[in-house]
Amino acid sequence: MVVKVYGPAYGCPKRVLMCLIEKDIEFETVPINLSKGDQNHPDFLKLQPFGEVPVVQDGDYTLYESRAIIRYYAEKYKSQGTDLLGQTIEERGQVEQWLEVEANNFHRPIYDLVIHVVYAPIQGFPSDPKLIEESEKKVGKVLDIYEERLSKSKYLAGDFFSLADLSHLPFTHYMVNQMRKEYMIRSRKNVSAWWDDISNRPSWKKVLQLYKYPV
Ligand SMILES: N[C@@H](CCC(=O)N[C@@H](CS)C(=O)NCC(=O)O)C(=O)O
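Fair warning: this is a prediction, and the values are worked out from it, not measured in the lab. (Residues numbered from 1 in each chain as written. Predicted model: local features only at pLDDT ≥ 70, side-chain atom pairs only at ≥ 80, totals over all residues.)

*Asks:* How should I be thinking about the overall build of the chain in this particular structure?
*Replies:* A tally of regular secondary structure across the chain gives 10 helices and 4 strands. Secondary structure elements in the chain, listed N-terminal to C-terminal, are β-α-β-α-β-β-α-α-α-α-α-α-α-α. The C-alpha atoms of the chain give 17 Å as radius of gyration, which agrees with the globular expectation for 215 residues (17 Å, within 12%). Dimensions of the chain, computed from C-alpha atoms along their principal axes, come out at roughly 45 × 45 × 25 Å. Within the chain, the proportion of its 215 residues that are buried is 34%. Put simply, 68% of the contacts in the chain that link residues at least 6 apart link residues at least 24 apart. (Helix = DSSP H or I, 4+ residues; strand = E, 2+ residues; numbered from the N terminus. Rg over C-alpha atoms; globule rule 2.2 N^0.38 Å. Buried ≥ 20, exposed ≤ 12 C-beta atoms within 10 Å, placed from the backbone. Contact = placed C-beta atoms within 7 Å.)

Shown next, in the form of structure tokens:
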């Protein structure tokens, strides 16, 4: 069964696409244009009642929330493609811990930065300089903790690439490229080496080549 992924251009769906490529899972994509309001169409709301991408349809199984989707496929195809969950229950615990850190500590401020630095000027709503400053500080604090962690292991959950690293790619890409805040990565030696490693994975390069960011 070919997995159908809605909304490939945006950051959150790219998390899912990278996971599917790492796991050698066949997929097709359905474009959703958020600036035109496709996410609020009644047919789309039947799939994702919160009006957000991504959603996947796998036969008659539908799933939304990007991190739920990557956990689902990493588990379902544990022995196919790259193992993204760790070999032991302790490694799995670490993967889960750093996935939660990404979702709760990293994503929130970086999402605000993306909205206020990248999208506000082009969508014509005012950006909030105080929020930008505070969000950058918050992201910096999280990256300081990563810097320390990555002095002890090559990747966040240990010496193996996992969902925890993968989950950081779409929004860190915005920070390094569209926001021109690469200095936040380069000023931290271990974070910088980690970023070079994960962003050079063929799966991520393929995602970027196939599905351009909307901005
Ligand atoms: N927690 C959700 C967040 C999804 C989300 O925020 N998606 C954004 C695109 S990255 C979206 O669809 N926004 C809807 C909008 O801007 O109206 C997930 O990880 O799937």
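*Asks:* Looking at this structure, I do not really get the site of the ligand. What am I missing?
*Replies:* Residues in contact with the ligand, as listed here, are Tyr10, Gly11, Cys12, Leu34, Gln39, Gly51, Glu52, Val53, Pro54, Glu65, Ser66 and Arg67. Among the elements of the structure, α1 (11–22) and α3 (66–76) are those that each provide at least two residues to the shell around the ligand. The class makeup of the residues in the shell around the ligand is 5 nonpolar, 4 polar and 3 charged. (Near = placed C-beta within 6 Å. Nonpolar A, V, L, I, M, F, W, Y, C, P; charged D, E, K, R; others polar.)

*Asks:* Explain the packing of helix α4 (residues 89–123) against helix α5 (residues 129–149) here, please?
*Replies:* Two numbers describe a pair of packed helices, the interaxial angle and the distance between the axes. Relative to each other, α4 and α5 sit at 145 degrees, their axes nearing to 9 Å. α4 and α5 meet at a crossing whose hand is left-handed. Within the contact between the two elements, α4 uses Asn105, Phe106, Pro109, Ile110, Asp112, Leu113, His116 and Val117 and α5 uses Leu131, Ile132, Ser135, Glu136, Lys138, Val139 and Val142. Taken together, the residues of the contact of α4 with α5 break down into 9 nonpolar, 3 polar and 3 charged. (Axes fitted to C-alpha atoms, helices over the stretch in contact; angles between N-to-C directions. Left-handed = near helix turned anticlockwise from the far one by under 90°.)

*Asks:* Quick question: what am I supposed to make of the UniProt feature "domain: GST N-terminal" (unreviewed entry) in the chain here?
*Replies:* Feature annotation in UniProt places "domain: GST N-terminal" (unreviewed entry) on residues 1–81, given in this structure's numbering. The annotated region residues 1–81 carries 36% helix and 20% strand content, and the separation between its end C-alpha atoms amounts to 17 Å. (UniProt positions renumbered as here; feature names shortened; annotations may be inferred.)

*Asks:* Please clarify how helix α7 (residues 169–176) should be interpreted in this entry.
*Replies:* Three- or four-residue spacings in an α-helix give side chains the same orientation, since the helix completes a turn every 3.6 residues. Buried residues dominate α7, accounting for 6 of its 8 residues. Along α7, the residues classified as buried are Leu169, Pro170, Phe171, Thr172, Tyr174 and Met175. Buried residues along α7 sit against α1, α4, α6 (163–166), α8 (183–186), α9 (189–199) and α10 (202–210).

*Asks:* Honestly, the packing of α4 against α7 in this entry has me stumped. Any pointers?
*Replies:* Packing of α4 against α7 leaves a shortest axis separation of 10 Å and a crossing angle of 45 degrees. With respect to their mutual orientation, α4 and α7 come out oblique. For the pair α4 and α7, the crossing hand works out as left-handed. Every residue of α7 that contacts α4 at His107, Ile110, Tyr111, Leu113, Val114 and Val118 is listed here: Phe171, Tyr174 and Met175. (Parallel < 35°, antiparallel > 145°, perpendicular 65-115°, else oblique.)

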